[in-house]
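Chain and residue survey
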Amino acid sequence: MSKICIVFDRLRSEEKMLEKEALNLGHEAVMLDAKITQINTDSKKSDFDFGNVVLERCVSYFRGLHFTASLEFMDVPVLNKFFVAYQCGNKMFMTLMLKKYNVPTPKTYFSFSSESALENIEKIGYPLVIKPVIGSWGRGVMQIKDKDTADALFEIRDITDSPHDRIFYLQEVINRPPRDIRVITIGDEPIAAMYRKSSGGFKTNIALGADPELCEITKEIEDVAIKASKAMGGGILGIDIMEDEKRGFVVHEVNNTVEFKGLSKVSKRNIPKEMVEFALNYVRK
């Protein structure tokens, strides 16, 4: 019998499903709240009950990233690894890595001030999509259709002036059906996929009300998902793909602590069970 530790900062359906499947497989499960866990530079693995392996499932990118760094400092096996989490959590880093490894992805433009971003947009033309480099659930993602919208949005950014507001991540608008595809990969293998259909507007996040529908993993989807997973460093990932009318499949995001409640409702595969099995096999190698 093995023991798996599931680290969280908000106990969602996904973490409860992982715990249930670990118990169903005859293993122990430790549910650890990152918010109340204290670690210092003298901490050792033996000071905590991390089990044989940790699944880091924090909603907060920064909390999860720093917790993962602490685990690796103590030589605790953790999925996903720090470098994978680091890249996936920042859209600019993620996009650059996808492009570097020749994964098809929307053309993306980077500027480092509002003035430069406005100049960039005037050269590129409207519409464009702007995204915060850090964020999830579609928050802060919006289309910029004209200069008035850009001026208003950038003025707000200049006022708030948070560190990430200074990074302008602008992406072409993909000519696609009103949906995208979420593929879950485990150890670079695509195990399940769904269409996320827009419930109105251009966003397709399940968290915003998009409807899940089972998607067959074709050879083309499989190839793109595997390539994206390997580019990011592997582990347990959610690959988000759009269907470009001319170029075919393009990857627009890779998720580290991927949500799977919606996909589990339509998939024939037991996603949390396969995640637990992969994590435990990871430390047996």
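Scroll up a little and you will see the structure.
The following paragraphs examine the structure supplied in this document. What you see is a predicted model; the values in this text were computed from it and never measured.

A tally of helices and strands in the chain yields nine helices and 13 strands. Taking 19 Å as the expected radius of gyration for a compact globule of 285 residues, we find that the chain reaches 20 Å, a close match to that expectation. When the backbone C-alpha atoms are referred to their principal axes, the chain occupies close to 60 × 45 × 30 Å. Buried residues in the chain amount to 49% of all 285 residues. Sequence-distant contacts, at least 24 apart, represent 67% of the contacts inside the chain between residues at least 6 apart. Split by element, the accessible area of the chain, about 13700 Å² in all, is 51% carbon and sulfur. For the chain, the distance from the average site of its 40 positive side-chain charges to the average site of its 41 negative ones is 3 Å.

Running from N to C, helix 4 (residues 91-100) and helix 7 (residues 219-232) point in directions that differ by 115 degrees, and their axes come no closer than 9 Å. When the axes of helix 4 and helix 7 are compared, the crossing they make is right-handed. Residue-level inspection shows Met94, Met97 and Leu98 of helix 4 in contact with helix 7, the latter providing Ala228, Ala231 and Met232.

Next up on the list: helix 4. Turning to helix 4, its buried residues number three or more, namely Lys91, Met92, Met94, Thr95, Met97 and Leu98. Elements that come into contact with the buried residues of helix 4 comprise helix 3 (82-89), strand 5 (108-111), strand 6 (128-131), strand 8 (168-172), helix 7 and strand 13 (248-255). For helix 4, the N-terminal capping position is held by Asn90, with its side-chain oxygen 2.9 Å away from the main-chain nitrogen of Met92. Trailing helix 4 by a residue or two, Asn102 shows a phi angle of about 60 degrees, which is positive.

Of note, the amide linkage connecting Leu79 to Asn80 takes the cis form, showing an omega dihedral of 0 degrees. With respect to the secondary-structure elements, Asn80 resides in the loop between strand 4 (78-79) and helix 3. For the bond from Tyr126 to Pro127, the omega torsion is -5 degrees, close enough to zero to count as cis. Residue placement: Pro127 occurs in the loop between helix 5 (114-124) and strand 6.

What follows deals with the sheet that holds strand 3 (residues 53-56). Spatially, 2-1-3-4 is the arrangement adopted by the four strands of the open sheet, whose pairing is parallel. Every other strand in the sheet has two partners, leaving strand 2 (28-33) and strand 4 as the edge strands with one partner each. Here strand 3 pairs with strand 4 via two bridges, running parallel. Residue pairing in the sheet places Leu55 in a bridge with Leu79 of strand 4.

What follows deals with the sheet that holds strand 5. Here we have four strands laid out as an open sheet, ordered 5-8-6-7, and antiparallel in their pairing. Two strands in the sheet have a free side with no partner beyond their single neighbour: strand 5 and strand 7 (142-144). Each adjacent strand pair in this sheet contributes to an overall mean axis angle of 35 degrees, direction not counted. The pairing of strand 5 with strand 8 spans four bridges and is classified as antiparallel. Residue pairing in the sheet places Ser111 in a bridge with Phe168 of strand 8. Sitting on the sheet, helix 6 (residues 147-160) touches strand 6, strand 7 and strand 8, and the angle it makes with strand 7 is about 125 degrees.

Now for the side chain of Glu56. Note that Glu56 resides in strand 3. Despite its burial, Glu56 remains without a salt bridge, the nearest opposite charge being carried by Arg57 at 7.4 Å. In this structure the side chain of Glu56 is engaged in a polar contact, spanning 2.6 Å, whose partner is the backbone nitrogen of Cys58. Setting aside residues no more than four positions away along its own chain, Glu56 makes contact with Val7, Gly64, Thr68, Val78, Leu79, Asn256 and Thr257.

There is a patch of like negative charges on the surface, built from Glu115, Glu119, Glu155 and Asp158. Turning to its location among the elements, Glu119 is positioned in helix 5.

Calculation criteria
- Think of each chain on its own: its residues are numbered from 1, step by step along the sequence as written.
- Restriction of local features to residues with pLDDT of at least 70 applies here, the model being predicted, together with a cutoff of 80 or more for giving and counting side-chain atom pairs; totals for whole chains, interfaces and linings are based on all residues.
- The basis for every side-chain value is the complete set of non-hydrogen atoms in the structure, without hydrogens or water.
- A run of DSSP states H or I qualifies as a helix once it reaches four residues; a run of E qualifies as a strand once it reaches two. Both are numbered from the N-terminal end.
- When we talk radius of gyration, it's over C-alpha atoms, and the globule rule is simply 2.2 Å times the number of residues to the 0.38.
- Each residue is assigned to one of three classes by its accessible area relative to the maximum for its type, calculated with a 1.4 Å probe on protein chains only: buried under 20%, partly exposed between the two thresholds, exposed over 50%.
- Here, two residues are considered to be in contact whenever any of their heavy atoms come within 4.5 Å of each other.
- Here, Shrake-Rupley sampling with a 1.4 Å probe gives the accessible areas, and only protein chains in the shown set may cover a residue.
- Counting rule applied: Lys, Arg positive; Asp, Glu negative; His and chain ends not counted.
- Where a charge lies is defined by one atom per residue type: Lys uses NZ, Arg uses CZ, Asp uses CG and Glu uses CD.
- In this description, a line fitted to the C-alpha atoms serves as the axis of each element, helices being fitted only across the stretch in contact, and the angle between N-to-C directions of two axes falls anywhere from 0 to 180 degrees.
- Put simply, a crossing is left-handed when the front helix is turned counterclockwise from the back one by less than a right angle, and right-handed when it is turned clockwise.
- In protein, a polar contact means a hydrogen-donor-capable atom and an acceptor-capable atom, both N or O and within 3.5 Å, with residues adjacent in sequence counting only if both atoms are side-chain atoms; elsewhere, any N or O pair within 3.5 Å suffices.
- Pairing between strands is defined by DSSP: at least two bridges between them are needed.
- When a carboxyl oxygen of Asp or Glu is within 4 Å of a side-chain nitrogen of Lys or Arg, the pair counts as a salt bridge.
- The patches reported here contain residues having more than 30% relative accessible area and no salt bridge. Joining distances are 9 Å for like charges and 5 Å for nonpolar side chains (Val, Leu, Ile, Met, Phe, Trp, Tyr).

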